[in-house]
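Below are the chains, spelled out letter by letter.
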Amino acid sequence: MGTICVVNAQLSNAGADFRREDGAQPPSLFPPYASTVERSPREPLLRIPQTPTEQSGPGEWEALFGAQVTDLTCTRGAPALGQRIIVCGQVLDEDRRPVARTLIEMWQANAAGRYAHERDQWDAPLDPNFSGAGRVVTDEQGRYRYTTVRPGAYPWGNHYNAWRPAHIHLSLMGPAFATRLVTQMYFPDDPLIEIDPIANAVPRAYRQRMVAHFDINITQPSYALGYRFDIVLRGRAATPLRAGI
Amino acid sequence: MDTGQHSAPAPEPRSDSAAVAARADNQTPGLFGQTPWQTVGPFFHFGLPWDGCADLTGPSQTGGRPDLMPTGYAALRGPERSRAAPPMGERLQLTGYVFDAQGRPVPDVLLEIWQANASGYYRGSGFVGRGSASIDEDFFGFGRAATAEDGSFCFRTIRPGRVHFKAAAGALQSPHIALGVLGRGLLKRLTTRIYFNDEPSNAEDPILGLVPAHRRATLMAQRIDATATGAAGPSTDTRAHYRFDVRLQGERETVFFDY
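About the cut-offs
- Residues numbered from 1 in each chain as written.
- Chains lettered and ligands numbered in written order.
- Predicted model: local features only at pLDDT ≥ 70, side-chain atom pairs only at ≥ 80, totals over all residues.
- Helix = DSSP H or I, 4+ residues; strand = E, 2+ residues; numbered from the N terminus.
- Buried ≥ 20, exposed ≤ 12 C-beta atoms within 10 Å, placed from the backbone.
- Contact = placed C-beta atoms within 7 Å.
- Nonpolar A, V, L, I, M, F, W, Y, C, P; charged D, E, K, R; others polar.
- Pairing = 2+ DSSP bridges.
- Axes fitted to C-alpha atoms, helices over the stretch in contact; angles between N-to-C directions.
- pLDDT = per-residue confidence, 0-100.
- Core = buried A, V, L, I, M, F, W, Y, C linked by C-beta atoms within 7 Å.

Colleague: Just to check I follow, could you spell out the overall build of chain B for this structure?
Modeller: Tallying secondary structure elements over chain B gives 1 helix and 10 strands in all. Going from N to C terminus, chain B has its helices and strands arranged as α-β-β-β-β-β-β-β-β-β-β. Across the 259 residues that make up chain B, the buried fraction comes to 47%. For chain B, the proportion of contacts with a sequence separation of at least 24, taken over those separated by at least 6, is 63%.

Okay, structure coming up:
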């Protein structure tokens, strides 16, 4: 009779620390992005252990933030102008575990590259049928999907003839205060990405993580082009598997 | 100085060709890993703040910047609030400014707070504070405030209870509020904590104990005499008022955390 090996197959992650930032994270000071020079700390960050404060986070989205808005093309009367796109994907952690029921907030410029915001006054028209903000909560498999128009590039004052690549701003809470993430999604083959100081703050080897993947299978005939964009949050440090005989 | 010390090795692109590497994207298998931070930028006001997001105690209009919405446009709608009662606990008002390296107010940052309820429970967490901690159905514990044109912000909340240092046991932390700072010129969030200068247990707080003594004051909200700000006549504002400034760089730079 062989020995019976009983293994506790359950990795217990409750209270396990979230992993550190990986090499993809930009520094706070990046002089080519001029406004970081006077807004980034000079003292080293203080390393502190994670406590329940850092490891918990709000989890009730619509009651706290408001209802989901997943079609940005038809929130105001007539359809918004511009290239209609579907963006979908999964929110995962670094171990590829889906992050279910988590909130994504998004905002963007219109198809002409103009934000519905008083501080954006460059000479591109507002679209009366597009404001450009939405929110979506992932399903039980961590999946999300929304429809919008492809934002235009826009000029900014960082340096002479500076233009931001077309981008959609994304804000995620994740399961904890420590997993908060704000990023920007870029579009494939955009020549502005390579010369953009904000995207360039991310080391070259990791930069393309922020570029959406055109997918003909998400594209809907006679309706919208489709892009896939997964968002990956900090994972957990695993506690050891316990084996007993 | 945080100049991006990388702990993980760079993944190798599939080919030596720079052109092929440039066509890599979010779905490229060898590239999987944490999505990088990017700045929230200057135009978040129509997407992130909602009406009353800076008031954790009841319905209000605070926290957003409706003045930054063009005529005919508005920020994304907030929740349908029909909270039956104000949350438990001592009500607080927390005001202050955000300053840059030159001591100039910063009018375009977003502050976020996260805190336990009055009995030391973090909503939705599964972590429970001391034995008597309970869920307060009327309190979520998360708030946002966009700074005003003069760089100021104002949160209304309740004094958080004390929570354990680790999940179920260990030292109790002093009452504190986790704070995140996002904005133009900030490539990634800066995090810190707000403590209360009139709290006797601060001397025992394990996190404060890690802060160099000469910088601890940057995490202390200062109690202000509320009567000094009241209007003539009997005041209905019974909140305790505290002042807390964020200094992004330079003299009295706020301590920011890495965790």
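Colleague: What is the right way to read the overall build of chain A from this model?
Modeller: If you tally the helices and strands in chain A, you get 4 helices and 14 strands. Summarising its shape, the C-alpha atoms of chain A cover approximately 80 × 50 × 35 Å along the three principal directions. For chain A, the proportion of its 245 residues judged to be buried stands at 45%. A fraction of 73% describes how many contacts in chain A between residues 6 or more apart in sequence connect residues 24 or more apart.

Colleague: Would you mind showing me how to read the interface of chain A and chain B here?
Modeller: Quite often, the size of an interface is put as the accessible area lost when its parts meet. Contacts between the two partners involve 86 residues from chain A and, on the opposite side, 82 residues from chain B. Residues of the side of chain A that touches chain B, tallied by class, amount to 43 nonpolar, 22 polar and 21 charged. Of the pairings in the sheet, the one linking strand β2 (residues 46–47) of chain A to strand β10 (residues 257–258) of chain B comprises 2 bridges and is parallel in character. Within the sheet, the bridge partner assigned to L46 of chain A lies in β10 of chain B and is F257 of chain B.

Colleague: Please clarify how the sheet that holds strand β9 (residues 167–172) of chain A should be interpreted in this entry.
Modeller: Strand pairing in a sheet relies on backbone hydrogen bonds. The paired strands run either parallel or antiparallel. Residue and element names in this part refer to chain A. The strand order across the open sheet built from 4 strands is β5-β4-β9-β10, with neighbouring strands paired in antiparallel fashion. Among the strands making up the open sheet, the edge pair consists of β5 (133–137) and β10 (181–186). Each strand of the sheet is rotated relative to its neighbour by a mean of 25 degrees, with strand direction disregarded. Here 5 bridges tie strand β4 (residues 103–108) to β5, and the two strands are oriented antiparallel to one another.

Colleague: Hey, could you run me through the confidence of the model for chain B in this one?
Modeller: Reading predicted coordinates in detail is not appropriate for stretches of low pLDDT. For chain B, the average pLDDT comes to 87, and 81% of its residues sit at 70 or higher. For this predicted complex, the interface confidence comes out at an ipTM of 0.92, alongside a pTM of 0.90.

Colleague: What is the right way to look at the environment of F196 of chain B in this model?
Modeller: Residues and elements named next belong to chain B. You can see F196 is positioned in strand β6 (residues 190–196). Linking F196 and A240, residues 44 residues apart in sequence, is a C-alpha distance of 11 Å. Each residue touching F196, except ones within four places of it in the same chain, is listed here: P175, A221 and Y242.

Colleague: Got a minute to help me understand the nonpolar core in this structure?
Modeller: Among soluble globular proteins, nonpolar side chains are generally buried collectively. Ranked by internal contacts, the top residues of the largest apolar core, which has 110 residues, are L172, Y186 and A212 of chain A together with L110, L111 and V181 of chain B. Apart from the residues lying within four places of it in its own chain, the contact partners of L172 of chain A are V91, T102, L103, I104, L181, I231 and L233 of chain A.

Colleague: I'm lost on the environment of D67 of chain B in this one. Help?
Modeller: Within the element layout of this structure, D67 of chain B appears in the loop between α1 (18–22) and β1 (91–99). Separated by 14 residues in sequence, D67 of chain B and C53 of chain B have C-alpha atoms that sit 16 Å apart.

Colleague: Before we go on, may I ask you to explain the pairing of strand β7 (residues 220–224) of chain B in this structure?
Modeller: Side-chain positions along a regular strand alternate between the two faces of the sheet. Residues and elements named next belong to chain B. Note: β6 against β7, 2 bridges, orientation parallel. If you follow Y195 over to β7, its bridge partner there is M220. In this structure, β7 lies alongside strand β8 (residues 240–243), joined through 3 bridges in antiparallel fashion. Its bridge partner being in β8, R223 is matched across the sheet by Y242.

Colleague: Hey, could you run me through the pairing of strand β4 (residues 152–158) of chain B in this one?
Modeller: All names here are of chain B. The element β4 is largely enclosed, with a buried count of 5 among its 7 residues. Where β1 lies against β4, 7 bridges are found, and the strand directions are antiparallel. Residue pairing across strands places T95 opposite C154, the latter belonging to β4.

Colleague: Which parts of the structure should I look at to understand the confidence of the model for chain A?
Modeller: Residue and element names in this part refer to chain A. For chain A, per-residue confidence averages 91 on the pLDDT scale, and residues scoring 70 or more make up 91% of the total. Predicted confidence is poor over residues 1–13, with pLDDT under 50, and the contacts of this stretch with residues over four places away or in other chains come to 15 contacts. Within the model, pLDDT remains below 50 along residues 241–245, and this stretch shows 10 contacts once partners closer than five positions in the same chain are excluded.

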